[in-house]
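# Observations on the model geometry
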Protein chains: 2
Amino acid sequence: MRRIVVLAGGVGGARFLRGLRQAVPEAEITVIGNTGDDIHLFGLKVCPDLDTVMYTLGGGIHEEQGWGRAGESFSVKEELAAYGVGPDWFGLGDRDIATHIVRTQMIGAGYPLSAVTEALCRRWQPGVRLLPMTDDRVETHVVIDDGEGGRKAVHFQEYWVRLRASVPAHAVVPVGADRATPAPGVLEAIGEADVVLFPPSNPVVSIGTVLAVPGIREAIADAGVPVVGLSPIVGGAPVHGMADRMLAAIGVGTTAAAVAGHYGSGLLDGWLVDTVDESAVKTVETDGIRCRAVPLMMTDLEATATMAREALALAGEVRSL
Amino acid sequence: MRRIVVLAGGVGGARFLRGLRQAVPEAEITVIGNTGDDIHLFGLKVCPDLDTVMYTLGGGIHEEQGWGRAGESFSVKEELAAYGVGPDWFGLGDRDIATHIVRTQMIGAGYPLSAVTEALCRRWQPGVRLLPMTDDRVETHVVIDDGEGGRKAVHFQEYWVRLRASVPAHAVVPVGADRATPAPGVLEAIGEADVVLFPPSNPVVSIGTVLAVPGIREAIADAGVPVVGLSPIVGGAPVHGMADRMLAAIGVGTTAAAVAGHYGSGLLDGWLVDTVDESAVKTVETDGIRCRAVPLMMTDLEATATMAREALALAGEVRSL
């Protein structure tokens with residue numbers, strides 16, 4: 001399994017990738033990153049998920065936080081607040097801003113996001129090939145109550161960061177996804193992959209958004225290679241983030257088995273659940289998806305590498321069926 | 001002399017304005033700022049002269065340096081260098097960058113520079129009305145040897161900051177000035193002024209550029225009010241900066257008298273030279289410009305306020321002629 005394709009969102013995906021790289025250093029790993037979380041702030045194009053993968057694998061991440069830069073300062077943010085220019089709820093650090101300045105300038109000069117991402121990665125050397133899911137604009141919106149008896153859609157970052165997912169989400173809409181095309185290299189990487197992995201990322205706003213780009217889900221389903229995922233839900237709750245809120249919005253329960261069922265046997269061949277969810281194995285297998293219960297807490301690099309090895313082992317089992 | 005119009009460049013102009021505000025706190029001061037030094041860096045619109053005035057009068061300036069922000073940090077600049085993205089010779093600080101982000105975003109949203117400058121000044125409260133000379137793009141270029149026997153034009157900032165004016169300048173060209181129109185309020189302020197002052201700013205690339213915008217020189221000459229300047233040349237050398245280089249480029253000597261003669265009696269009614277240049281008084285008056293020798297070193301706020309009072313006193317004399 002030399003060629004591995006991984007669909008990735010933010011923190012969970014990035015940490016899993018670090019373990020995967022450790023587990024199979026000789027593999028060619030292509031990461032298809034979610035760009036539905038991208039947002040324009042202060043005229044700058046911010047790609048939180050791509051940057052989290054890039055900084056995490058490139059050694060620049062704020063380890064405890066899981067996102068943003070290590071050794072970060074916030075002078076620009078303070079000054080913007082002094083000008084009364086918002087929004088003030090997004091934690092744009094000074095070091096991070098340089099990335100957005102370079103990106104915005106390249107986009108303005110006509111480079112597609114995929115070329116920009118490649119250029120940024122020349123500095124960070126993440127050890128994987130990082131592709132945005134699409135070069136087209138896709139923006140994940142979340143439908144919430146407007147407080148006046150109606151509903152309104154807000155940008156995902158507004159829901160996630162400003163509101164901290166504290167209000168019910170009625171729907172999640174990847175605006176523009178239906179007209180988007182996969183970025184150069186995405187379908188080729190899937191077509192040449194030996195295995196496709198879904199890390200323990202948010203199944204709705206991370207992996208779900210990548211799958212919403214026409215052609216990607218189909219390419220994965222038709223690739224004829226094992227597709228194995230790791231549950232982001234452990235013991236009925238998300239390990240990281242607020243995936244429960246997003247699952248509720250699309251009518252999927254917050255259980256390891258429900259998420260597997262949501263992906264479905266048409267897409268997923270294998271599924272890893274945590275040992276505390278051992279009882280889910282039977283349910284998932286009844287759905288036609290090979291399932292194993294293994295420790296799924298990414299407590300350190302070695303534990304994460306072990307998870308990656310388990311995922312690849314399960315892929316091997318699936319292929320030999 | 002309630003209404004005062006001042007043409008301003010960078011450091012010298014800004015420091016003089018602080019003294020003027022101290023000297024006549026009740027006056028309505030309108031500053032017409034040079035924008036020929038403006039430059040786009042990393043996709044951001046940077047207006048060094050407007051910002052120097054704004055920061056100096058608003059209490060945010062780096063006092064020793066004369067430009068840039070106090071308590072500045074350079075994380076963004078370090079990161080841009082790490083990406084290998086240049087230019088690296090312009091000292092863009094983190095706090096300063098926030099100003100450029102706000103400006104660039106407003107320009108992108110369709111606001112003219114004059115409206116943007118007004119918005120930025122709402123934070124800084126400089127105590128003067130700061131107007132850019134024009135909302136149109138003007139860019140001062142300096143013609144230098146290209147090292148291959150020919151000549152080339154470089155942006156003023158490249159000449160000033162990167163090359164530190166270390167090579168001969170053959171010409172100074174305010175590109176776009178001939179097609180520029182004065183910003184809203186500029187001609188009105190001149191028309192309503194009781195006096196017009198030229199601070200000890202660079203007569204070529206600061207005040208000269210402002211005067212190059214069609215309509216401004218004529219409005220000042222026709223205003224029928226005293227026009228008084230202060231020599232930026234003391235004892236045959238510029239007090240601050242590298243005005244000698246710029247004067248040489250336009251064939252004007254580096255003396256207090258030569259600069260007065262360059263402005264000419266058609267524009268200038270009064271001229272202050274430093275006491276060390278007392279001998280220049282007669283030459284200047286022969287040119288038809290009333291001249292006084294007074295201390296012109298802006299060593300502290302009180303010394304600068306005294307210079308401003310001397311300029312206004314000379315304006316009073318001129319008017320009573």
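Residues numbered from 1 in each chain as written. Chains lettered and ligands numbered in written order. Predicted model: local features only at pLDDT ≥ 70, side-chain atom pairs only at ≥ 80, totals over all residues. Heavy atoms only, no water.

Turning to the overall build of chain A, a few remarks are in order. A count of helices and strands for chain A gives 13 helices and 14 strands. Since a compact globule built from 321 residues should have a radius of gyration of about 20 Å, the 19 Å found for chain A is in line with a globular shape. The 321 residues of chain A split such that 55% are buried. The contacts in chain A between residues at least 6 apart in sequence include a share of 70% that link residues at least 24 apart. (Helix = DSSP H or I, 4+ residues; strand = E, 2+ residues; numbered from the N terminus. Rg over C-alpha atoms; globule rule 2.2 N^0.38 Å. Buried < 20%, exposed > 50% of the residue type's maximum accessible area, 1.4 Å probe, protein only. Contact = heavy atoms within 4.5 Å.)

Turning next to the sheet that holds strand β9 (residues 195-198) of chain B. Residues and elements named next belong to chain B. In spatial order, the strands read β5-β2-β1-β9-β10-β13-β14; together these seven strands make up an open sheet with parallel pairing. Of all strands in the sheet, those bounded by a partner on one side alone are β5 (129-132) and β14 (290-293). Sheet twist, expressed as the average angle between the axes of neighbouring strands with direction ignored, equals 20 degrees. Alignment of strand β13 (residues 270-273) against β14, held across four bridges, turns out to be parallel. The partner of G270 across the bridge, within β14, is R290. The sheet contacts of helix α11 (residues 256-263) involve β9 and β13, and relative to β13 the element is tilted by about 160 degrees. (Pairing = 2+ DSSP bridges. Axes fitted to C-alpha atoms, helices over the stretch in contact; angles between N-to-C directions.)

Turning next to the UniProt feature "binding site: 7,8-didemethyl-8-hydroxy-5-deazariboflavin" (unreviewed entry) in chain A. Residues and elements named next belong to chain A. Here the UniProt feature "binding site: 7,8-didemethyl-8-hydroxy-5-deazariboflavin" (unreviewed entry) sits at D51. With respect to the helices and strands, the residue D51 is situated in helix α2 (residues 48-58). The class for D51 is buried, based on a relative accessible area of 3%. (UniProt positions renumbered as here; feature names shortened; annotations may be inferred.)

Counting residues in each nonpolar core, the largest one holds 114 residues, and the members touching the most others are A:I4, A:L20, A:L197, B:I4, B:L20 and B:L197. Beyond its immediate stretch of four places on either side in the chain, B:I4 contacts B:L20, B:V24, B:A27, B:E28, B:I29, B:T30, B:V195, B:L197 and B:L312. (Core = buried A, V, L, I, M, F, W, Y, C linked by side-chain atoms within 4.5 Å.)

With that settled, the discussion passes to the interface of chain A and chain B. Taken together, the contact pairs 26 residues of chain A with 26 residues of chain B. Buried area between chain A and chain B, summed over both chains or domains, comes out near 2200 Å², and the portion from carbon and sulfur atoms is 61%. The largest per-residue losses of area from chain A upon contact with chain B belong to A:E79, A:Y83 and A:R123, which jointly make up 30% of the total buried on that side. Among the salt bridges present, the one from B:E79 reaches A:R123, with a minimum N-O distance of 2.7 Å. For the interface between chain A and chain B, the tally reads 14 residue pairs in polar contact (both at pLDDT 80 or more). The element that contributes the greatest number of residues to the side of chain A that touches chain B is helix α4 (residues 94-108) of chain A, accounting for eight residues. Among the residues forming the side of chain A that touches chain B, the class breakdown is 15 nonpolar, five polar and six charged. (Buried area = accessible area lost by both parts, 1.4 Å probe. Salt bridge = Lys/Arg side-chain N within 4 Å of Asp/Glu carboxyl O. Polar contact = N/O pair within 3.5 Å; in protein donor to acceptor, adjacent residues only side chain to side chain. Nonpolar A, V, L, I, M, F, W, Y, C, P; charged D, E, K, R; others polar.)

Once chain A is rotated about the relating axis by 180 degrees and shifted along it by 0.0 Å, it coincides with chain B to within an RMSD of 0.0 Å. Read as a symmetry element, the transformation amounts to a two-fold axis. The rotation axis passes nearest to the C-alpha of A:D94 in chain A, at a distance of 3.4 Å. A high fraction, 100%, of the interface residues of chain A reappear at the interface in chain B, so the copies pair face to face through one surface. (Least-squares fit on C-alpha atoms with pLDDT ≥ 70 in both.)

Our focus in this paragraph is the packing of aromatic side chains. Here the structure, examined in full by the defined rule, presents ten aromatic pairs over all chains. Both rings, one in A:Y55 and one in A:W124, keep their centres 5.3 Å apart while their planes meet at 65 degrees; by these two values the pair is edge-to-face. One end of the pair, A:Y55, is in helix α2; the other, A:W124, is in helix α5 (residues 113-124), with 69 residues separating them in the sequence. Residue A:Y55 is classed as buried on the basis of its relative accessible area, which comes to 1%. One aromatic cluster is present, built from ring pairs that chain together A:F198, A:Y263 and A:W271. Cation over ring: B:R69 sits above B:Y55, and NZ or CZ is 5.4 Å from the ring centre. (Phe/Tyr/Trp six-rings, centres within 6.5 Å; stacked < 30°, edge-to-face > 60°. Lys NZ or Arg CZ within 6 Å of the ring centre and 35° of its normal.)

A separate point is the pattern of salt bridges. Opposite charge on two side chains makes pairing possible when the charged atoms of those side chains draw close. The full count for this structure, using the stated rule, is 32 salt bridges over all chains. Residue A:D145 pairs with A:R151 through a salt bridge whose shortest N-O separation is 3.9 Å. Under the relative-accessibility criterion, A:R151 is labelled exposed at 54%. One salt-bridge network, held together by shared partners, links A:R69, A:R95, A:R123, B:E78 and B:E79.

As a further point, take the packing of helix α3 (residues 75-82) of chain A against helix α4 (residues 94-108) of chain B. For any two helices packed against each other, one specifies the inter-axial angle together with the distance between the axes. Where α3(A) contacts α4(B), the two axes come as close as 8 Å, and the packing angle between them is 50 degrees. As summarised for this structure, α3(A) and α4(B) are arranged oblique, according to the angle between their axes. In the packing of α3(A) onto α4(B), the handedness of the crossing is right-handed. Where α3(A) abuts α4(B), its residues A:S75, A:V76, A:E78, A:E79 and A:L80 lie against B:D94, B:R95, B:I97, B:A98, B:I101 and B:V102. Among the residues forming the contact of α3(A) with α4(B), the class breakdown is six nonpolar, one polar and four charged. (Parallel < 35°, antiparallel > 145°, perpendicular 65-115°, else oblique. Left-handed = near helix turned anticlockwise from the far one by under 90°.)

Quick look at the sheet that holds strand β1 (residues 3-8) of chain A now. Residue and element names in this part refer to chain A. A sheet is described by the order of its strands in space; here seven strands give the open sequence β5-β2-β1-β9-β10-β13-β14, paired in parallel fashion. The open sheet has two edge strands with one neighbour each: β5 (129-132) and β14 (290-293). Across the sheet, the axes of successive neighbouring strands diverge by a mean angle of 20 degrees, strand direction being ignored. Of the pairings in the sheet, the one linking β1 to strand β2 (residues 28-33) comprises six bridges and is parallel in character. Along β2, the bridge assignment pairs A8 with G33. Those strands touched by helix α13 (residues 301-319) are β1, β9 (195-198), β10 (227-230), β13 (270-273) and β14, and its axis lies near 145 degrees from that of β13.

Residue and element names in this part refer to chain A. Look at helix α1 (residues 11-23) against α13: their axes get within 7 Å of each other, and the N-to-C directions meet at 75 degrees. Taken together, the axes of α1 and α13 lie roughly perpendicular to each other. Two secondary-structure elements touch here, α1 through R15, F16, R18, G19, L20, Q22 and A23 and α13 through L301, E302, T304, A305, M307, A308, R309 and L312. Looking at the contact of α1 with α13 residue by residue, the classes come out as eight nonpolar, three polar and four charged.

Residue and element names in this part refer to chain A. Between its first and last C-alpha, α1 extends 19 Å over 13 residues, near the 18 Å set by a 1.5 Å rise per residue. Taken residue by residue, α1 has V11, G12, G13, A14, F16, L17, G19, L20 and A23 as its buried positions. As for α1, its buried residues are in contact with β1, β2, α2, β9, β10 and α13. (Expected span 1.5 Å × (residues − 1).)

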